[in-house]
Amino acid sequence: MLKDLTKEEEQFLVAFGAQIRRLRKEKGMTQADLVFEAKVHGNMIGRIERGERAANILQLHKIAKALDVDVSQLFEFGD
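What you see is a predicted model, and the numbers here were worked out from it, not measured in a lab.

**With respect to the nonpolar core**
Next, step 1: I20, L34, I63, L67 and L74 are the most contacted members of the largest nonpolar core, which has 18 residues in total.
Next, step 2: Per-element accounting of this core gives the leading share, five residues, to helix α4 (residues 57-67).
Next, step 3: Once you skip the residues sitting within four places of it in the chain, L67 turns out to touch L23, R24, K27, M29, L34 and L74.

In structure tokens:
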């Protein structure tokens, strides 16, 4: 996990990662497929999906584009 996060922030990252995983699987993509399509670093998608990494805005844009969804859909998960 990232350092100096509150429990709430950690839970947010885990929920966000689960949303990325759900969207990726809905598209029938592997993590490797998404890495390739989004043109991000090799282990980034796995780390995001596990809540170990917070993506920056450009990475979010690339991931959304690769998943063919609006960036806002990446954040459509419960509290």
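Now, onward.
**Overview of the pattern of salt bridges**
Next, step 1: Counting across every chain of the model gives four salt bridges.
Next, step 2: Across the pair E26 and R22 runs a salt bridge, and its minimum N-O distance is 2.2 Å. With E26 and R22 both in helix α1 (residues 7-26) and four residues apart, the pair spans about one turn of that helix.
Next, step 3: Residue E26 is classed as exposed on the basis of its relative accessible area, which comes to 54%.
Next, step 4: On the basis of relative accessibility, which here comes to 39%, the residue R22 falls in the partly exposed class.

**Looking at the packing of aromatic side chains**
The geometry of an aromatic ring pair is captured by two quantities: the separation of the ring centres and the angle between the planes.
Next, step 1: As enumerated under the stated definition, the model contains five aromatic pairs in all.
Next, step 2: Aromatic side chains F12 and F75 sit 6.5 Å apart centroid to centroid with 20° between the ring planes, which places their arrangement in the stacked category. With a gap of 63 residues between them, F12 in helix α1 and F75 in the segment after α4 connect regions that are remote in the sequence.
Next, step 3: Overall, the relative accessible area of 41% leaves F12 in the partly exposed class.
Next, step 4: Residue classification places F75 among the partly exposed residues on the basis of a relative accessible area of 38%.
Next, step 5: Ring geometry for F16 versus F75: centroids 5.1 Å apart, planes at 40°, classification tilted. Of this pair, F16 sits in helix α1 while F75 sits in the segment after α4, and the two are 59 residues apart along the sequence.
Next, step 6: One aromatic cluster is present, formed by F12, F16, F75 and F77 through successive ring pairs.

**Structural notes on the packing of helix α2 (residues 31-38) against α4**
Next, step 1: Running from amino to carboxyl end, α2 crosses α4 at an angle of 115°, the nearest separation of the two axes being 8 Å. Considered as vectors, α2 and α4 are oriented roughly perpendicular to each other. By crossing handedness, the relation of α2 to α4 is classed as right-handed. Contacts between α2 and α4 involve L34, E37 and A38 on the former and, on the latter, K62, I63, A66 and L67.

Thresholds, definitions, all that
Residues numbered from 1 in each chain as written. Predicted model: local features only at pLDDT ≥ 70, side-chain atom pairs only at ≥ 80, totals over all residues. Heavy atoms only, no water. Core = buried A, V, L, I, M, F, W, Y, C linked by side-chain atoms within 4.5 Å. Buried < 20%, exposed > 50% of the residue type's maximum accessible area, 1.4 Å probe, protein only. Helix = DSSP H or I, 4+ residues; strand = E, 2+ residues; numbered from the N terminus. Contact = heavy atoms within 4.5 Å. Salt bridge = Lys/Arg side-chain N within 4 Å of Asp/Glu carboxyl O. Phe/Tyr/Trp six-rings, centres within 6.5 Å; stacked < 30°, edge-to-face > 60°. Axes fitted to C-alpha atoms, helices over the stretch in contact; angles between N-to-C directions. Parallel < 35°, antiparallel > 145°, perpendicular 65-115°, else oblique. Left-handed = near helix turned anticlockwise from the far one by under 90°.

Functional significance is not addressed by these values, which are geometric in nature.
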